[in-house]
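As a plain string of letters, each chain reads:
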Amino acid sequence: MTEKIVVKNLSKVFGDDPDQALEMIRKGKTKDEVLAETGQTIGVQSVNFSVEEGEVFVVMGLSGSGKSTLVRMLNRLIEASEGEIRFDGQDMRGADAATLRKLRLEKIAMVFQHFALFPHKSVLENVEYGLKVARVPAAERRERALEALRKVGLAAWADRRPATLSGGMQQRVGLARGLAVDPEILLMDEPFSALDPLIRRDMQNELLELQRELRKTIVFITHDLDEALTLGDRIAIMKEGRFVQVGTAEEIVGNPADDYVAAFTQDVDRARVFDVASVMEPPEALELAETDAGAVRARLDELGRDALHLLRDGALAGLVTRRSLAQAAGGGGGPLEGAMVPEMPRARPGDVLRQVYDACSAGLPVAVCDEEERFVGVVTPEAVFELLAEDKNAPEEEDAPDGEEKAAEAAPALSA
Amino acid sequence: MWQPSDSFEIPLDVWVETVIKGWLVPNFRDLFQAVQVPITTVLEGLDLALQAIPMPLFTLALVLVAWAVASRGLALFTLVALAVVDLIGVWPQTMTTLAMILTAVLFCAIVGVPLGIAAARRDGFEKGLRPVLDIMQTIPPFVYLVPIVMLFGVGMTPGIIATIIFALPPIIRLTNLGIRSVPEDLIEAAYAFGSSPRQVLWEVQLPLALRTIMAGLNQTLMLALSMAVIAALIGAGGLGLIVYTGLGRLDVGAATEGGLGIVLLAMILDRITQALGSESTTKSPGLLETLKAFFRIRAPANPPGSGGQSVS
């Protein structure tokens, strides 16, 4: 992975004398003090980040946090007051008009919040626009524009005017217009904010699907944390022109940097953010041929659990629970085979917790298998509920013994 | 009681006279003569053409244009109005007036649209231009007839120059307004995709401002018509001359004929240009399309495949 976009110490001051304002900030004055003393507004303040190739980098913040200013500084629709922007090592801020134009024509495309489609042009002409200003021959640009429209499923609407399309369709046209020039970098300024919630979810999924295929480097702006968590490989939380925290969805939700981020994340559906791997415990199982009901029971007591996985020749065979043991043998040391339930909940390490909800509600441990069906871990209902109920304390329970202890403490209460 | 002028009077009239007669006229005579050349050429060509077209043919053409861009009602009105103009015996003068108006409007557009674009692009230029436009619109035309006669002489062309000065402000103002009211995010999008300023102008700003510019053109046309009589004072011909002569001789009949001709011509032109402007609200055609619409006769019915959704 290479760093596609590198931004260093980027600031924007809206006012007559940016240098003065920046100097005051450097001396530790706050944004409000600068505004009161000089009448200048700090839009973005010393932002640093880098985006890797093929990554979706989400900048999330409320209105007025400077996120739209930030994204516009990247393609210089707004000129930065200070700092450095590099695409593939190429200096963006120092680029002359011709270089800047070339970069915008070929490398960076943008999708806008209110679509910004040209009302006097047809859908196709809108999608063609970037190619037209780049003086691509008519036949070729038509072909490429239609291809982009096909990607977003709107090829049949090519000759319509944008105004005759619904909001979701219009933004698809906006997306197609961005994709038609085949840019390396896609800047998306709250592209889905103007859409209603159902359509928004569709569009998010569609974007994720397209991204799997296209692997563009995307800088995505949003004010919706759920959207940020859904789409972002990494997320930056922005407040009053500064980055408060940059990290993956799990880091942001699990380890908020300050109260501001914590307040944001407290209503987040954690089951959609954390994956199975984050609560997984080491696999615990007995080989079917080498054990009997008594040994299983002893092991269950030892672990403080109510169910245990069984293996046959190293492969996952089934699950025994205290109840199935009791029913099969009436309490004695009978055959284990009869007590084993072959149907059991399974999951992949990358699944989000929401997907193992049902199994956990039934009180069964979930077997985690990797892509090659190797048994790599167990997720106990206790661990899942503990993580979901957790508020602020460190949720990462990577170290297994600690987790097991906690699970053991919780288990009797649950089984009682 | 004493007032300032008792002891001192500013010799403004002398100053102006000195500047115009003593400096402008002798030094810039060639320039003022040269300015007249394109106007005279266009005017004479148009007048010649309009006079050469037989009345029934011209009427038919204008009726069809009215039908195509507006409605059957306007077509009928055009037919009757032009017939009346001919029947009261002022057809040649009407054509002369039309040639004058079209020439004036053409030059207004040639000068006004670029000025409006420049004003929309530079706030400073707009600030400087605005008082000039205000002055142009508030000064009674009679005031600048004298300097125009000094600089350009008398005749048709000076009359048209006076008309241009009088009719120019609306097209500048509305071009400026039209371009400024193109939504900012569209401009931003155009730049984000690498457009040059020229491409932004031609691809986005002008097409979207076209409706407003057309409204300005309509205003300019109406103002030009209202100058028809005044321009006759300095030697312009056409319907204005009939009215002016009628006025001088207290010939109320002739003056009415001329006046009626002007009113009818004004109504026809106003309705046709208004229809051209408002038509684009429903279909928003491109720049070229609308320009073509000036010359082309289109079927007024719905185009096939539009599903008949348009409200008629």
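Calculation notes
- Residues numbered from 1 in each chain as written.
- Chains lettered and ligands numbered in written order.
- Predicted model: local features only at pLDDT ≥ 70, side-chain atom pairs only at ≥ 80, totals over all residues.
- Heavy atoms only, no water.
- Helix = DSSP H or I, 4+ residues; strand = E, 2+ residues; numbered from the N terminus.
- Buried < 20%, exposed > 50% of the residue type's maximum accessible area, 1.4 Å probe, protein only.
- Contact = heavy atoms within 4.5 Å.
- Areas by Shrake-Rupley, 256 points an atom, 1.4 Å probe, with all protein chains shown as cover.
- Salt bridge = Lys/Arg side-chain N within 4 Å of Asp/Glu carboxyl O.
- Polar contact = N/O pair within 3.5 Å; in protein donor to acceptor, adjacent residues only side chain to side chain.
- Domains from an automatic or database assignment.
- Pairing = 2+ DSSP bridges.
- Axes fitted to C-alpha atoms, helices over the stretch in contact; angles between N-to-C directions.
- Buried area = accessible area lost by both parts, 1.4 Å probe.
- Nonpolar A, V, L, I, M, F, W, Y, C, P; charged D, E, K, R; others polar.
- Core = buried A, V, L, I, M, F, W, Y, C linked by side-chain atoms within 4.5 Å.
- Expected span 1.5 Å × (residues − 1).
- Bend = angle between axes of the 7 residues up to and from the residue.

Novice: With reference to specific residues and values, describe the overall build of chain B.
Specialist: The number of helices and strands found in chain B is 14 helices and 0 strands. Counting every position in chain B, which comprises 312 residues, the buried fraction comes to 45%. Sequence-distant contacts, at least 24 apart, represent 77% of the contacts inside chain B between residues at least 6 apart. Accessible surface for chain B amounts to roughly 16200 Å². Of this, 69% is attributable to carbon and sulfur atoms.

Novice: Got a sec to walk through the pattern of salt bridges? Specific residues and values, please.
Specialist: If the charged atoms of two oppositely charged side chains come close together, the side chains can form a pair. All names here are of chain A. Tallied over the full model, the rule gives 27 salt bridges over all chains. A salt bridge links Arg72 to Asp189, with the nearest nitrogen and oxygen atoms 2.7 Å apart. Highlighted residues: Arg72 in helix H3 (residues 67-74) and Asp189 in strand S7 (residues 185-189), separated in sequence by 117 residues. As far as burial versus exposure is concerned, Arg72 and Asp189 are alike and both buried.

Novice: I'd like to hear about the side chain of Glu82(A), residue by residue, with values.
Specialist: Residues and elements named next belong to chain A. One can find Glu82 in strand S4 (residues 82-87). At 2.5 Å, the side chain of Glu82 forms a polar contact with the side chain of Arg26. Residues in contact with Glu82, not counting those within four places in the same chain, are Asn9, Leu10, Ser11, Leu22, Arg26 and Arg93.

Novice: Describe the domain arrangement of chain A, listing the residues and the values that go with them.
Specialist: Each domain of chain A was delimited in the assignment, giving domain 1 (54-83 + 94-268) and domain 2 (276-415). Using only C-alpha atoms to locate each centre, domain 1 of chain A and domain 2 of chain A end up separated by 43 Å.

Novice: Before we move on, could you go through the sheet that holds strand S2 (residues 41-52) of chain A and cite the residues and values that matter?
Specialist: Pairing between the strands of a sheet comes from backbone hydrogen bonds, and it takes one of two forms, parallel or antiparallel. Residue and element names in this part refer to chain A. Strand order in the open sheet formed by 4 strands is S2-S1-S4-S5, and the pairing between neighbours is antiparallel. With one partner strand each, in any of the chains shown, S2 and strand S5 (90-91) form the two edges of the open sheet. Where S4 meets S5, 2 bridges bridge the pair, whose relative direction is antiparallel. Its bridge partner being in S5, Arg86 is matched across the sheet by Asp91. Strands strand S1 (3-14), S2 and S4 of the sheet are contacted by helix H1 (residues 18-26), whose axis makes an angle of about 105° with S1.

Novice: With reference to specific residues and values, describe the sheet that holds strand S3 (residues 56-61) of chain A.
Specialist: Residues and elements named next belong to chain A. Strand order across the open sheet formed by 6 strands is S6-S7-S8-S3-S9-S10, with mixed pairing between neighbours. Both outer strands of the open sheet, strand S6 (108-111) and strand S10 (242-247), are each paired with one neighbouring strand and no more. Within this sheet the neighbouring strands show an average axis-to-axis angle of 15°, counted without direction. Sheet analysis places S3 next to strand S8 (residues 217-222), joined by 5 bridges and oriented parallel. Residue pairing in the sheet places Val58 in a bridge with Phe220 of S8.

Novice: Go over the interface of chain A and chain B, please, and point to the residues and values.
Specialist: Facing the 25 residues of chain A at the interface are 18 residues of chain B. Where chain A abuts chain B, roughly 1900 Å² becomes buried across the two surfaces, and 59% of that area is made up of carbon and sulfur atoms. There are 3 salt bridges connecting chain A and chain B. A salt bridge links Glu203(B) to Lys132(A), with the shortest nitrogen-to-oxygen separation between them at 3.0 Å. Where chain A packs against chain B, one counts 9 residue pairs in polar contact (both at pLDDT 80 or more). For the side of chain A that touches chain B, the elements supplying multiple residues, two or more each, are helix H4 (97-106), S6, helix H5 (123-133) and helix H7 (167-180) of chain A. The greatest single-element share of the side of chain A that touches chain B, amounting to 4 residues, is contributed by H5(A). Here the side of chain A that touches chain B is built from residues that sort into 12 nonpolar, 5 polar and 8 charged.

Novice: Report on the nonpolar core, specifying residues and quantitative values.
Specialist: Core analysis: the largest hydrophobic core is formed by 108 residues, its most contacted members being Leu70(A) and Leu353(A). Beyond its immediate chain neighbours, meaning those up to four positions away, Leu353(A) contacts Ala271(A), Phe274(A), Asp275(A), Val276(A), Val279(A), Val384(A), Leu387(A) and Leu388(A). Core analysis: the second largest hydrophobic core is formed by 79 residues, Leu82(B), Met100(B), Leu145(B) and Ile179(B) among them.

Novice: How would you summarise the environment of Gly28(A) if you had to cite specific residues and measurements?
Specialist: Summarising the element assignment, Gly28(A) is placed in the loop between H1 and helix H2 (31-38). Sequence separation between Gly28(A) and Val378(A) is 350 residues; the distance between their C-alpha atoms is 50 Å.

Novice: If you had to explain H7(A) to someone new, which residues and values would you point to?
Specialist: Residues and elements named next belong to chain A. With 14 residues, H7 should cover 20 Å at 1.5 Å per step; its first-to-last C-alpha distance of 20 Å lies within 8% of that length. Burial within H7 is extensive, with 13 of its 14 residues counted as buried. In the stretch just after H7, Asp182 is the one whose phi turns positive, near 50°.

Novice: Tell me about helix H5 (residues 91-121) of chain B, and name the residues and values.
Specialist: Helix length check: H5(B) (31 residues) gives 44 Å between terminal C-alpha atoms against 45 Å at 1.5 Å per residue, within 8%. Where H5(B) bends most, at Ala109(B), the angle is about 25°.

Novice: Can you tell me about the pairing of S4(A), naming the residues and giving the values?
Specialist: All names here are of chain A. Across 5 bridges, the pairing between S1 and S4 is antiparallel. The residue bridging Ser11 from the neighbouring strand is Glu82, located in S4. Taking the residues that link successive antiparallel strands as the turn, the S4-S5 hairpin has 2 residues, and the phi of Asp88 there is positive, at about 50°.

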